[in-house]
Amino acid sequence: MRRILAVTGADRVDFLQGLVTNKVGEIPAWTALLTPQGKYLADFLVIPEGGRLLIDVDDRLADDLLRRLSMYKLRSQVQIAPTDLTVARGIGDMPDAAIADPRHPALGWRLYGARGDDGTDWDAIRVEHCIPESLIELIPNETYILEAGFERLHGVDFRKGCYVGQEVTARMKHKTELKKGLVTVGIDGAAPVGTPILMPDGREAGTLYTQSGGRAIAHMRFDRMGDGLVAGDARILP
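Here the residue numbers are simple positions, counted from 1 along each chain's written sequence. Since the coordinates come from a predicted model, pLDDT governs what is reported: local features require at least 70, and pairs of side-chain atoms require 80 or more to be given and counted, while whole-chain, interface and lining totals use all residues. In computing side-chain properties, one takes all heavy atoms of the structure into account and sets aside hydrogens as well as water.

## Overview of the pattern of salt bridges
Whenever Lys or Arg places a side-chain nitrogen within 4 Å of a carboxyl oxygen from Asp or Glu, that contact is recorded as a salt bridge. Enumeration according to the criterion identifies 19 salt bridges in this entry. Residue Arg52 pairs with Glu49 through a salt bridge whose shortest N-O separation is 2.7 Å. Throughout this description, buried means an accessible area under 20% of the type-specific maximum (1.4 Å probe, protein chains only), exposed means over 50%, and partly exposed covers the range between. According to the relative accessible area criterion, Glu49 is partly exposed, its value standing at 33%. Between Arg221 and Asp223 there is a salt bridge, with its nearest N and O atoms 3.3 Å apart. For Asp223, a relative accessible area of 58% translates into the label exposed. Three or more residues joined by partner-sharing salt bridges are found here, namely Arg2, Asp56, Asp101, Arg103 and Arg110.

Here you go:
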């Protein structure tokens, strides 16, 4: 379930530009709002439409996102409000007025002002391409976006200038080597989302998330990947 917010006013582009991880305002973009410590709060698509920017966000994150954006308004000439717009999505031929999902070509198109889904198995696509989902792999106040693949999925721009959490994100990009992150693994069996992945000696190697067709998205410590991993009753495979 998605909610569509509208950002209007003369400062709408500069306002969002100073807050979120990606460049916005010219073409559809996937981006995120972070804490000052660089942790994920919400991810969303920003779509320019005439004199406004549409924010396409998970409904469960929308109220908190609206509240946080409103806190940052100060004297900016900007208004942020919910809309009654709906969104349809699918793969294959793109309808008139639809946009391509900016994260990955496999995610197809999105059409605003319409309803419905073409029956696509989105979890299978996400697992195949290791694409995180709000409130599953992307956890507020916990996830770091570079560990979640935002650079690979075009969700962060390192040349756009300052935004909330930028210093931590830039430091992770330029001064450290990521030691953990989201990967796609094989799985024999099944286990609930959030199940710890354990090494043969009982040490924790990661966490299991979305599963589909014998594959799964997992957040792993790269130095603990190998044989003999389990998540509950399921075996984790290379």
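## Some details on the sheet that holds strand 7 (residues 99-100)
Strand pairing in a sheet is mediated by backbone hydrogen bonds. Such pairs are either parallel or antiparallel. The pairing criterion for strands is at least two bridges between them, as found by DSSP. Strands are runs of DSSP state E lasting at least two residues, helices are runs of H or I lasting at least four, and both sets are numbered from the N terminus onward. Spatial strand order, 6-8-7: three strands in an open sheet with antiparallel pairing. Each end of this open sheet is capped by a strand with a single partner; those strands are strand 6 (87-90) and strand 7. Pairing of strand 7 with strand 8 (residues 109-112) involves two bridges; the strand directions are antiparallel. The residue bridging Ala100 from the neighbouring strand is Trp109, located in strand 8.

## Quick word on helix 4 (residues 166-174)
Since there are 3.6 residues in each turn of an α-helix, residues three or four apart along the chain are aligned in direction. Taken together, the buried positions of helix 4 are occupied by Val168, Thr169, Ala170 and Met172. By definition in these notes, contact holds between two residues if any of their heavy atoms fall within 4.5 Å. Elements in contact with the buried residues of helix 4: strand 2 (29-34).

## Some points on the packing of aromatic side chains
Aromatic pairing here means that ring centres of Phe, Tyr or Trp (its six-membered ring) are within 6.5 Å. Orientation follows from the plane angle: under 30 degrees is stacked, over 60 is edge-to-face, and everything else is tilted. Applying the stated criterion across every chain yields a total of one aromatic pair. Seen from their ring centres, Trp30 and Phe150 are 4.0 Å apart, and the 20° between their planes marks the pair as stacked. Taken as a pair, Trp30 in strand 2 and Phe150 in the loop between helix 3 (122-129) and helix 4 lie far apart in primary sequence, 120 residues in all. Each member of the pair, Trp30 as well as Phe150, carries the same accessibility label: buried. When the ring centre of Trp122 is taken as reference, the NZ or CZ atom of Arg89 above it lies at 4.1 Å. When the NZ atom of lysine or the CZ atom of arginine is within 6 Å of a ring's centre and also within 35 degrees of its normal, the charge is said to sit over that ring. One residue, Arg103, lies across the ring of Trp30, its end atom 5.7 Å from the ring centre.

## Focus on unusual backbone geometry
For Ala97, which is not glycine, the phi dihedral falls at a positive 75°. By the secondary structure assignment, Ala97 is in the loop between strand 6 and strand 7. A positive phi angle, near 55°, is found at Cys130, a position not held by glycine. Topologically, Cys130 is positioned in the loop between helix 3 and helix 4. Judged by its relative accessible area of 8%, Cys130 is buried.

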